[in-house]
Amino acid sequence: MKPRILVIDDEAAIRDSMRMILEYEGYEFLGAATGEEGIALVGRESVDLVFLDIKMPGMDGLEVLGRLKSAADQLPVVMISGHGTVATAVEATKLGAYDFIEKPLATERILLAIRNALRLSRLSDENRTLARSMELRHDMVGSSPALRGVIEAVTRAAPTSATVLIRGESGVGKELVARMIHRNSLRARERFVQVNCAAIPDELIESELFGHEKGSFTGATDKQVGKFELADRGTIFLDEVADMSLKTQAKVLRVLQEGEVERLGSSRTLKVDVRVIAATNKDLEQEIEKGQFREDLYFRLSVIPIFVPPLRERADDIPALVRHFAEQFTRENNFHPKRFTPDAIGALQRARWKGNVRELRNAIERVLIMTPGEVIDAPDLPESVRGDAPAAPAADERGEVPGTLREFKESAERAFLIQKLRENDWNISKTAETIGTPRSNLYKKLEQYNIRQGVDS
């Protein structure tokens, strides 16, 4: 689709000249003789770029620019003028103009402005799409009372600058809580810097957090800015904070108390304004008793404590999580959507989920990939999940217990098909539609399992 470029200028000669240039270069031209007409065009047409004259009768260009930016902030606008001044250019830039061109209009200058403005517009669109995708990836999904309690705590904590300590088992979504706090805080436009304290060796974590000067230790060939400096005016998330050494804990405490850091090998003190969110899956009270965590740091970190419950305590959220992970996986991998049966959802709700939400997500991705059909039933779930759930009677209709996993799956599938056929009065088309499979596939299954109406009804 050709980019659509609107030229707002009261001089017909300028509009005609721009039309010839733009159409020759493969762009679609739209023209308006007044600011009012141009604003109306933007309101009803899809426009990719605007060239706007400053001096026009009635509504002048700067007023039109303000109106355009109020209605479509991301629309790039290039100002054109026959007698522009520095003051006018500065004013236009403040109002959001992308570029400023003086008359007479040179073709190369026009084309350069178009290429640059459209490239910037594409990058902005991609960034917005990526940002929205990241927001969706880091959304907390569910509506159980337990999760609502977490969201309520986040809502109260987010607008403040208080430190937050997030506790919960591995995989419950502590990072999502931290990101939600940042996203809803006054620091949302600044950086969110994440540090996994458990993944960084003791000898390197101080350098990671506080930075170092060149030559401060063996291997320090360049200066490095620490994570606290990078997070200045934003938020730092210290994941698995209980895995830091006592020495590092003391330095983190200083940042919290004084708002100051020192790079390794430097005597210069740097002021930082950082909100600290910490998380752990350990019992910090026990760690304090064992002498492995500083009590004063604990009190500094836990100004606002938030506990994220394990998935087994909010099984009501599992159907929504299954839909969320399935939709996300199919969208990101251009994968054909599949449907989970009520029996499959029930089995997922009964599972213990030692790895919590992270384990559930992995299980959903695995079953989407490995299940050949369009419908995912309980026997299609990973054996580890079905092993955690209370087992359904495994005997077939003859009272025989299948000896292998394949025999069990076939027995369960045969029983499921017979039940659905009975519910639909043995109407093949209706049954196929109900269970989400092509009619030809259902006929094959009937033949495979020797299912006949007179015998199995």
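Here the structure is a predicted model, which means the values were calculated and not measured.

Okay, the pairing of strand β10 (residues 235-239) next. Extensive coverage of β10 is indicated by the burial of 5 of its 5 residues. Side chains Thr235, Phe237 and Asp239 of β10 all project onto a buried face; the interleaved residues Ile236 and Leu238 project onto the opposite face, where all are buried too. In this structure, strand β7 (residues 192-196) lies alongside β10, joined through 5 bridges in parallel fashion. By the bridge assignment, phenylalanine 192 is partnered in β10 with threonine 235.

Below, the discussion takes up the environment of leucine 62. As for its placement among the helices and strands, leucine 62 is situated in helix α3 (residues 61-71). Sequence separation of leucine 62 and leucine 6 is 56 residues, and the distance between their C-alpha atoms is 16 Å.

Next up on the list: the side chain of lysine 103. Its place among the elements puts lysine 103 in the loop between β5 (99-102) and α5 (107-137). Side chain to side chain, lysine 103 and aspartate 9 meet in a polar contact 3.2 Å long. One polar contact links lysine 103 to glutamate 11, side chain to side chain, over a distance of 3.1 Å. Leave out the neighbours within four places in its chain, and lysine 103 touches Asp9, Glu11, Ile14, Asp53, Ser81 and Gly82.

So, on to the packing of aromatic side chains. For any pair of aromatic rings, geometry is given as the distance between the ring centres together with the angle between the planes. Enumeration over the complete set of coordinates arrives at 4 aromatic pairs. Each ring, one from tyrosine 298 and one from phenylalanine 299, has its centre 5.5 Å from the other, and the planes form 55°; the classification is tilted. In this structure tyrosine 298 comes out as buried when scored by relative accessible area, which is 13%.

With parallel pairing, the 5 strands of this open sheet are ordered in space as β2-β1-β3-β4-β5. Each edge of the sheet is formed by a strand with only one pairing partner; in this case those strands are β2 (28-32) and β5. Within the sheet, the average angular offset between the axes of one strand and its neighbour, ignoring direction, is 20°. Bridge analysis of strand β1 (residues 4-8) against β2 gives 5 bridges, and the strand direction is parallel. The residue bridging isoleucine 5 from the neighbouring strand is phenylalanine 29, located in β2.

Moving on: helix α10 (residues 246-258). Here α10 contains 13 residues, and its C-alpha end-to-end distance of 18 Å stays within 8% of the 18 Å for a straight helix at 1.5 Å per residue. Within α10, burial applies to Thr248, Gln249, Val252, Leu253, Val255 and Leu256. Relative to the axis of α10, the buried residues are bounded by an arc of 155° and lie together on one face. Where the residues of α10 are buried, they touch α8 (202-210), α9 (227-230), β10, β11 (260-261), β13 (275-280) and α12 (295-301). The first or second residue beyond α10 is glycine 259, which carries a positive phi of 65°.

So, how was this worked out
Residues numbered from 1 in each chain as written. Predicted model: local features only at pLDDT ≥ 70, side-chain atom pairs only at ≥ 80, totals over all residues. Heavy atoms only, no water. Buried < 20%, exposed > 50% of the residue type's maximum accessible area, 1.4 Å probe, protein only. Helix = DSSP H or I, 4+ residues; strand = E, 2+ residues; numbered from the N terminus. Pairing = 2+ DSSP bridges. Polar contact = N/O pair within 3.5 Å; in protein donor to acceptor, adjacent residues only side chain to side chain. Contact = heavy atoms within 4.5 Å. Phe/Tyr/Trp six-rings, centres within 6.5 Å; stacked < 30°, edge-to-face > 60°. Axes fitted to C-alpha atoms, helices over the stretch in contact; angles between N-to-C directions. Expected span 1.5 Å × (residues − 1). Arc of directions from axis to C-beta.

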